[in-house]
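Commentary on secondary and tertiary structure
Below, each chain spelled out in residue letters.
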Amino acid sequence: MVGMSLLRSAAAIAARLSPLKSGNAATNLLTRTIPQTEKVAVRWGHGKKMFVVKPSEFYDKRFLRLLQFYVLLTGIPVAIIVTCVNVFIGEAELVETPEGYEPEHWEYYKHPITRWITRSFYDSPVKDYEKMMAAIHMEKEKADLRLAELQVRRHMRQRGDGPWYHRETLDKDLIDHSHKSSPDN
Amino acid sequence: MPSDFEKDAYPEPPRQTPVVDKQTSLPNPALILSKLFYYSVDLPVTTFRDAIDGVRAKNKLVYYHQKFRRVPDLTDCQEGDYLCYYEAEMQWRRDYKVDQEIVKVIQERLGACQQREGPSYQQNCSKEIQQFNEVTKNFQSRYGDLGAYASGRKCLMKQKERMMAAQTQNA
């Protein structure tokens, strides 16, 4: 074993001293573990190449890459659309309402995208107002009827002459008046 | 600023261009710099703006100012007439918003005045200051501590308290 290492170091010295001799070429050296330092490809030439030991940046970089991708996936089309709308269509101008003209509910807004949203998705505020008034009216009628019912119950219970608060009594044809039918019984 | 602002409320400051009294034959660096600024910044920006306006002129949109009809107030409603209550409440809310905007406009006028006059604003824009104080005092007394759940009823009750306090003070 010691003889092998001696042989190896002798072959390395021979290779280093005369690299161009055919017996000393890298392929037919005794072992392949001898570093041929003068034959290493040095790319930039200056500065010692360091292997910096640091924790893996793979997961962080992957997260940021994916975040950027998914944000820009819808972000860029939205930005292009908004830019085109602002450049080609532009905001509205304030004018006096012409006589006898009732503007639609979206014609009270300035920006074209707001106008489109209120036109396509939202109900007009007049409709919402009327819906709320209708709901209030129905609740008011229900409340009034409930109060009236309480009043009616009170009266019928007190006076007893209405259709409510009847108590079942015995049929008067079943009463036997025979023991009281004449004054001398 | 939009082009339809009130010219009296925001007066232009007097121009301070000095009389040209050139005593040297050297070129004026201020003139050179202003020309440079004009050709490098002002002219491209103006041409860009005109180009965009030219494109926009084809699809011109207009918008209108919504005017609401006046409806009976909370004090003119019968008791139990919830529809009347609702309309009065909506009207009160619109008026509250309008009053907030009025206060903002007065505030902006005061700020513009201060900016215009510089260090001597306290004596030069006394009118704006007095107007601002009056408007904010009135706003505070009417809508002051009503809070986030303010309503027409609460404002009316606050007005009643104010009238009662005034009566006890007078009597």
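The shown structure was predicted, so the numbers you read here are calculated from the model rather than taken from an experiment.

As for the overall build of chain A
Counting its secondary structure elements, chain A contains four helices and one strand. Contacts spanning at least 24 positions in sequence make up 11% of the contacts within chain A whose residues lie at least 6 apart. For chain A, the exposed surface amounts to about 16,700 Å²; the carbon and sulfur share of it is 62%.

Some thoughts on the interface of chain A and chain B
Counting residues at the interface gives 27 residues for chain A, matched by 19 residues for chain B. Of the roughly 2,400 Å² buried between chain A and chain B, counting both surfaces, carbon and sulfur atoms make up 64%. By the criterion of area lost to chain B, the three top residues of chain A are Leu94(A), Tyr108(A) and Tyr129(A), representing 23% of everything that side buries. If you look at where chain A meets chain B, you find one salt bridge. Here Glu93(A) and Lys60(B) are joined by a salt bridge, their closest N and O atoms 3.7 Å apart. Connecting chain A to chain B are seven residue pairs in polar contact (both at pLDDT 80 or more). Of all the secondary structure elements, the ones that give two or more residues to the side of chain A that touches chain B are helix 2 (58-89), strand 1 (93-94), helix 3 (112-120) and helix 4 (125-159) of chain A. With six residues, the top contributor of residues to the side of chain A that touches chain B is helix 4 of chain A.

Side note on the confidence of the model for chain A
For chain A, the average pLDDT comes to 85, and 79% of its residues sit at 70 or higher. Confidence, expressed as mean pLDDT per element, reaches its minimum in chain A at helix 1 (residues 2-17) of chain A with 66 and its maximum at helix 2 of chain A with 96.

What about a nonpolar patch on the surface?
Together, Phe63(A), Leu64(A), Leu67(A), Val71(A), Leu72(A), Ile76(A) and Ile80(A) give the surface a local cluster of nonpolar side chains, amounting to about 650 Å² of exposed area. Within the secondary structure, Leu72(A) is located in helix 2.

Some points on the packing of aromatic side chains
One pass over the full model with this rule turns up 13 aromatic pairs over all chains. Chaining the aromatic ring pairs together yields one cluster made of Trp92(B), Tyr96(B), Phe139(B) and Tyr143(B). It is Arg119(A) that lies over the ring of Trp106(A); its NZ or CZ is 5.7 Å from the centre. It is Arg94(B) that lies over the ring of Phe68(B); its NZ or CZ is 4.2 Å from the centre.

Overview of the nonpolar core
Trp92(B), Tyr96(B), Tyr143(B), Leu146(B), Ala150(B) and Cys155(B) together form the largest nonpolar core, which totals six residues. Look past the residues within four positions of Ala150(B) in its chain and what remains in contact with it is Glu89(B) and Trp92(B). Formed by five residues, the second largest nonpolar core is a distinct cluster that contains Tyr129(A), Met133(A), Tyr86(B) and Met90(B).

Digging into the packing of helix 2 (residues 82-117) of chain B against helix 4 (residues 126-143) of chain B
Residues and elements named next belong to chain B. Direction vectors running N to C along helix 2 and helix 4 enclose 155 degrees, while the axes themselves pass 10 Å from each other. The angle between helix 2 and helix 4 falls in the class roughly antiparallel. For helix 2 against helix 4, the interelement crossing comes out left-handed. The residues of helix 4 that touch helix 2, namely those facing Trp92, Asp95, Tyr96, Asp99, Gln100, Val103, Ile106, Gln107, Arg109, Leu110, Cys113 and Arg116, are Glu128, Ile129, Gln131, Phe132, Val135, Thr136, Phe139, Arg142 and Tyr143. Residues that form the contact of helix 2 with helix 4 fall into these classes: eleven nonpolar, four polar and six charged.

Considerations on the packing of helix 4 of chain A against helix 2 of chain B
Geometry of a packed helix pair, given as the angle between the helix axes and the separation of the axes. As a packed pair, helix 4 of chain A and helix 2 of chain B sit with axes 9 Å apart at the nearest point and diverge in direction by 150 degrees. Considering how the two elements wind past one another, helix 4 of chain A and helix 2 of chain B form a crossing that is right-handed. Contacts between helix 4 of chain A and helix 2 of chain B pair Tyr129(A), Met132(A), Met133(A), Ile136(A), His137(A) and Lys140(A) from the former with Tyr82(B), Leu83(B), Tyr86(B), Glu87(B) and Met90(B) from the latter. Broken down by class, the residue content of the contact of helix 4 of chain A with helix 2 of chain B amounts to eight nonpolar, one polar and two charged.

What counts, and at which threshold
- Residues numbered from 1 in each chain as written.
- Chains lettered and ligands numbered in written order.
- Predicted model: local features only at pLDDT ≥ 70, side-chain atom pairs only at ≥ 80, totals over all residues.
- Heavy atoms only, no water.
- Helix = DSSP H or I, 4+ residues; strand = E, 2+ residues; numbered from the N terminus.
- Contact = heavy atoms within 4.5 Å.
- Areas by Shrake-Rupley, 256 points an atom, 1.4 Å probe, with all protein chains shown as cover.
- Buried area = accessible area lost by both parts, 1.4 Å probe.
- Salt bridge = Lys/Arg side-chain N within 4 Å of Asp/Glu carboxyl O.
- Polar contact = N/O pair within 3.5 Å; in protein donor to acceptor, adjacent residues only side chain to side chain.
- pLDDT = per-residue confidence, 0-100.
- Patch = residues over 30% accessible without salt bridge, like charges linked within 9 Å, V, L, I, M, F, W, Y side chains within 5 Å.
- Phe/Tyr/Trp six-rings, centres within 6.5 Å; stacked < 30°, edge-to-face > 60°.
- Lys NZ or Arg CZ within 6 Å of the ring centre and 35° of its normal.
- Core = buried A, V, L, I, M, F, W, Y, C linked by side-chain atoms within 4.5 Å.
- Buried < 20%, exposed > 50% of the residue type's maximum accessible area, 1.4 Å probe, protein only.
- Axes fitted to C-alpha atoms, helices over the stretch in contact; angles between N-to-C directions.
- Parallel < 35°, antiparallel > 145°, perpendicular 65-115°, else oblique.
- Left-handed = near helix turned anticlockwise from the far one by under 90°.
- Nonpolar A, V, L, I, M, F, W, Y, C, P; charged D, E, K, R; others polar.

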